[in-house]
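One letter stands for each residue in the lines below.
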Amino acid sequence: MGQIFSYNGNSVRMRKMNGYILVCLTDFAKPFPDKNLSHIVNSKELSDYVARMSEIQNCSSLDLLQVTKGNHSDGREQGTWAHHRVAIRVAQKLSTDFAIWVDDKIEELLTTGSASLQPQLPNFNNPAEAARAWADQYEKNQALALEVQQQQETIELQQKELTQSAPKVSYYDNHLQSVNTQTSTQAAKQIGMDAEKLHKKLKEIGIIYRQSGQWILHAPYSTWGMHSTRTQTYTRSDGSTGTSVYTVWTTKGVRFIIALYENDWNVKKAIKQIKGELEPAA
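Residues numbered from 1 in each chain as written. Predicted model: local features only at pLDDT ≥ 70, side-chain atom pairs only at ≥ 80, totals over all residues. Heavy atoms only, no water.

Moving on: the overall build of the chain. Secondary structure assignment for the chain yields ten helices and nine strands. Counting over 282 residues, the chain shows a buried share of 40%. A separation of at least 24 residues holds for 55% of the contacts in the chain among residues at least 6 apart in sequence. Carbon together with sulfur atoms contributes 49% to the accessible area of the chain, which is approximately 16,000 Å² in total. (Helix = DSSP H or I, 4+ residues; strand = E, 2+ residues; numbered from the N terminus. Buried < 20%, exposed > 50% of the residue type's maximum accessible area, 1.4 Å probe, protein only. Contact = heavy atoms within 4.5 Å. Areas by Shrake-Rupley, 256 points an atom, 1.4 Å probe, with all protein chains shown as cover.)

What follows is the structure in structure tokens.
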């Protein structure tokens, strides 16, 4: 079930999925042209949150933050979509008022299955009812604002602690315990890169090569259990359905990528650092 809401004249899409709400983060950029949404979404802070939440909830990080290309028969629309908990944290970085608005819409969708497109106004013909309604709404807004402020202070404190500690240790603690495979985009975020730069670097040092639109591992790396594949379905411009296969990284593969990064992309040094962890797959 999907709905389109209007925030200051800008559309924001949300849809209910299996007890949670998916929110279109792409739509968040429209009301805030002066904010770098991509920087917020790709920040280490948000990546850490998504990775840890996927571990605790025993789900794939793609269930929490996903990029959809084209429209799909199951209702998925093009854009970057996020679980409502992730979306709220992104909204908090954009504007407190916007975060409260997003929180209200999500709460309505979760509890009633639908949300009002416009605020419900009290009955002005009954002054007492109107006064109570505005007082209740004011109290709710104040409580939400206080909660957002406390969450922000907690985030800032956690970020300060992470900055003071060894960053690479936090990579291992927060990311490498997940049994789920990760896309190159997710793996690259952990070392402050994007997927394109990661692929270019891995190609330069002879780890991967491109064939028929897919990145493939050279031997012997292809036998070390560092990768897997996923199949993505998409809709062509003529309405027909197509599929594409792409490479994803196992926990072992992400560990190897980080080891390469730590050793200035020296393959021999990286293998030596994690010797014993990269045995060939049975």
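Take helix α2 (residues 44-57) next. With 14 residues, α2 should reach 20 Å at 1.5 Å per residue; the first-to-last C-alpha distance of 20 Å fits that figure. All of the buried residues along α2 are Leu46, Ser47, Asp48, Val50, Ala51, Met53, Ser54 and Glu55. Of the residues flanking the end of α2, it is Asn58, one or two places downstream, whose phi is positive at about 55°. (Expected span 1.5 Å × (residues − 1).)

Across the chain, pLDDT averages 78, with 70% of residues at or above 70. Within the model, the stretch residues 166-179 combines pLDDT values under 50 with 34 contacts to residues more than four positions away or in other chains. (pLDDT = per-residue confidence, 0-100.)

Attention now moves to the pattern of salt bridges. For the structure on display, the rule yields six salt bridges. Among the ionic pairs, Glu204 bridges to Lys201, the shortest N-O distance being 3.9 Å. Residue Glu204 and its partner Lys201 are both found in helix α8 (residues 195-204); the two are separated by three residues, about one turn of the helix. Using a relative accessible area of 53% as the deciding quantity, one classes Glu204 as exposed. (Salt bridge = Lys/Arg side-chain N within 4 Å of Asp/Glu carboxyl O.)

The next subject is the pairing of strand β6 (residues 208-211). In this structure, β6 lies alongside strand β7 (residues 214-217), joined through four bridges in antiparallel fashion. Across the sheet, Gln211 pairs through a bridge with Gln214, a residue of β7. (Pairing = 2+ DSSP bridges.)

Within the secondary structure, Ser60 is located in the loop between α2 and β4 (65-68). Separated by 3.1 Å, the side chain of Ser60 and the backbone nitrogen of Leu62 make a polar contact. Look past the residues within four positions of Ser60 in its chain and what remains in contact with it is Ser54 and Asn180. (Polar contact = N/O pair within 3.5 Å; in protein donor to acceptor, adjacent residues only side chain to side chain.)

Ranked by size, the top nonpolar core spans 31 residues in total, and within it Met14, Leu25, Phe28, Phe98, Trp101 and Val102 carry the most contacts. Elements with a minimum of two residues in this core: β1 (2-7), β2 (10-17), β3 (20-24), α1 (37-41), α2, α3 (84-94) and α4 (96-112). When near neighbours in sequence (up to four residues on either side) are disregarded, Leu25 contacts Leu37, Val41, Leu65, Thr80, Ala82, Ala87 and Val90. Ala187, Met226, Leu260 and Trp265 belong to the second largest nonpolar core, which has 23 residues in total. (Core = buried A, V, L, I, M, F, W, Y, C linked by side-chain atoms within 4.5 Å.)

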